[in-house]
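Working through the structure, step by step
Single-letter residue listing:
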Amino acid sequence: MSSQRESSAGEPGASPVATSPVTFKPREWGVLLVLCGAIFLEGIDVAMLNVALPSIRADLGLSTGSLQWVMSAYVLGYGGFMLLGGRAADLFGRRQMFVFWLSVFLVFSGLGGFATEGWTLIVARFVTGVAAAFMTPAGLSIITTGFEEGPRRNKALLFYSGTAAGGFSIGLVVGGLLTAIGWRWVFFVPVVLSALILAAALAYVPKSPRPDRTGQSVDLVGALTVTAAIVLLVLGVERASHASAAATIGTLAAGLALLAVFVAAERRSASPLVRLGIFRSGALVRANLAGLFFAGGFFGFQFLVVLYLQELRDWSTLQTSLAMIVIGADAVLSPTVTPKLVERFGNARVIFGGLLLAALSYALFLPVGADWTYLAMFPSLIILSLGFALTYGPLTIVATEGVKAEEQGLAGGLLYTAFQFGAALGLSTVTAVNVWATTSSSPSALLDGYRAALWVPLAAALLAALISAFGLRSRPGAVTASGEPAAGHTPEIPATH
């Protein structure tokens, strides 16, 4: 595998070079399709559940609080265990973690479909989220270690990211159709998909030797503290609009305290769960921060559009899903348009352009009216689709580029943690602003609430663009995420834990 650290696509300031068309062997396509299937499964699972929530509440007689926990349980499991899941792939084997946790995902998705009480459904969703937290970074690291760094890996990652986005968009429509038959099918269909992907994974994903952990111990203190910290932080943010200010502040303070304990423990650990030196890479830090705010804006905006269409316009679930599916065009744009732009302009410029397009999309929706036609909404939705296509895949490339093979799972875990935390932050913030700005249940008051909350995704996209702008020019003394000098540079100090 190539050890190339900086390619023309990865180095913002480098001049693009001509490359021959990238082709994959049949077995490589098999591996890629398996991993794309898994990330598609994760996206479609979440989207279908969102659509089915009202039917679940009516059938099981759940309170609003219990219904909220059906979603929160998955978010906590997914976001809280993602970092641990990424490191576990590095320590215990990527294929092993991927196959095992895909099996867990299959079982507990099925158990969710058989739930007859709210608490059983909540437990099933929590474990499903944990399974996704281990499965997703393991799958990403199989790509980043199985395809050599440069155009081949870039093409694979852009194909992968397009599939992830497509899963969410398609899931909205499929979820509406399945819910019309019965909400339990929203859980049973992922079981069938999981079984097919599992069989293909056993056939196509090559067996990997168990990583050599000679002289290394599992960092239990780090694993426990960081997982507890992230769970509390995600919980505090996700519940901010539903809990008292004191409870929110207390939860966030506890999470930050545990995070401080984690950092202190990692500095002293001989075999840290997270090598803190990985954050010496400016590109990796920028990708994670930009990804956090980008995800916050993206999911917050979609949430507001759904509220607008269903609460104010009284559109059905299926009508709303069909209206939103245009955002899923990024599934086609990511593997076709984005690679050409990355090759021509480099990742940093493409990311910056994508974030500006996302900001434009949100800005165009700000003056939304009570009687807007779909044609009036369409420019925002299609521009957001293009913005997502230009941002998500290249962020994944930058966040994993230059990282040593034995830390690829960690890099993926960091990025997906940022995405998940950002999504929770965005949803919580737009909900809080919407509630604050909505003074009554009249149509005009509802519209005022949406308009006020729409400033949140716009601000998030602009902040993400500002962060990414610092990567438009390379700086002397740059180091890679491995703590090694970037091409042509010498680090001022060595990477440390």
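Refer to the preceding data block for the structure.
Structure report, in brief. Please read all numbers here as calculations on a predicted model, not as lab measurements.

1. Quick word on the nonpolar core
Of all hydrophobic cores here, the largest spans 117 residues; its most connected members are F98, Y308 and F365. Looking at which element gives the most residues to this core, the answer is helix α9 (residues 282-312), with 13 residues. Beyond its immediate stretch of four places on either side in the chain, F365 contacts F301, V305, Y308, W372, M377, S380 and L454. The next biggest cluster of nonpolar side chains, apart from the first, holds 17 residues, and it includes L53, L67, L178 and F187.

2. Re the side chain of T225
Note on placement: T225 falls in helix α7 (residues 220-238). Reaching out from T225, the side chain makes a polar contact with the backbone oxygen of V221 at a distance of 2.8 Å. Residue contacts for T225: discarding those within four places in its chain leaves L258, V261 and F262.

3. Details of unusual backbone geometry
A positive phi is found at D314, a non-glycine position, where the angle reads about 60 degrees. Structurally, D314 is set in the loop between α9 and α10 (317-324).

4. Description of the packing of aromatic side chains
Evaluated as defined, the whole model comprises 23 aromatic pairs. Where F294 meets F388, the ring centres are 5.6 Å apart and the plane angle is 45 degrees; that geometry is what we call tilted. Residue F294 is found in helix α9, and its partner F388 is found in helix α13 (residues 374-400); the two are separated by 94 residues along the sequence. The exposure class assigned to F294 is buried, which follows from its relative accessible area of 2%. Accessibility expressed as a relative area gives 7% for F388, which makes it buried. With a centroid separation of 6.2 Å and 55 degrees between ring planes, the pair formed by Y416 and F419 is classed as tilted. Placement of the pair is Y416 and F419 together in helix α14 (residues 408-437), with a separation of three residues, close to one helical turn. F419 shares its class with Y416; the two are buried. Above the plane of the ring of F24 lies K155, whose end atom (NZ or CZ) is 5.2 Å from the centre.

5. A short note on a nonpolar patch on the surface
A surface patch of nonpolar side chains, amounting to about 250 Å² of accessible area, comprises L177, L318 and L322. For L322, the location among the structural elements is in helix α10.

6. Some thoughts on the packing of helix α1 (residues 26-60) against helix α4 (residues 118-146)
Look at α1 against α4: their axes get within 10 Å of each other, and the N-to-C directions meet at 160 degrees. Here α1 lies roughly antiparallel to α4, going by the angle between them. As α1 runs across α4, the sense of the crossing is left-handed. For the pair formed by α1 and α4, the contact residues are V31, L32, L35, A38, I39, E42, D45, L49, I56 and L60 on the first element and L121, R125, A132, M135, T136, G139, I142 and I143 on the second. For the contact of α1 with α4, the per-class residue count stands at 13 nonpolar, two polar and three charged.

Rules used throughout
Residues numbered from 1 in each chain as written. Predicted model: local features only at pLDDT ≥ 70, side-chain atom pairs only at ≥ 80, totals over all residues. Heavy atoms only, no water. Core = buried A, V, L, I, M, F, W, Y, C linked by side-chain atoms within 4.5 Å. Buried < 20%, exposed > 50% of the residue type's maximum accessible area, 1.4 Å probe, protein only. Helix = DSSP H or I, 4+ residues; strand = E, 2+ residues; numbered from the N terminus. Contact = heavy atoms within 4.5 Å. Polar contact = N/O pair within 3.5 Å; in protein donor to acceptor, adjacent residues only side chain to side chain. Phe/Tyr/Trp six-rings, centres within 6.5 Å; stacked < 30°, edge-to-face > 60°. Lys NZ or Arg CZ within 6 Å of the ring centre and 35° of its normal. Patch = residues over 30% accessible without salt bridge, like charges linked within 9 Å, V, L, I, M, F, W, Y side chains within 5 Å. Areas by Shrake-Rupley, 256 points an atom, 1.4 Å probe, with all protein chains shown as cover. Salt bridge = Lys/Arg side-chain N within 4 Å of Asp/Glu carboxyl O. Axes fitted to C-alpha atoms, helices over the stretch in contact; angles between N-to-C directions. Parallel < 35°, antiparallel > 145°, perpendicular 65-115°, else oblique. Left-handed = near helix turned anticlockwise from the far one by under 90°. Nonpolar A, V, L, I, M, F, W, Y, C, P; charged D, E, K, R; others polar.

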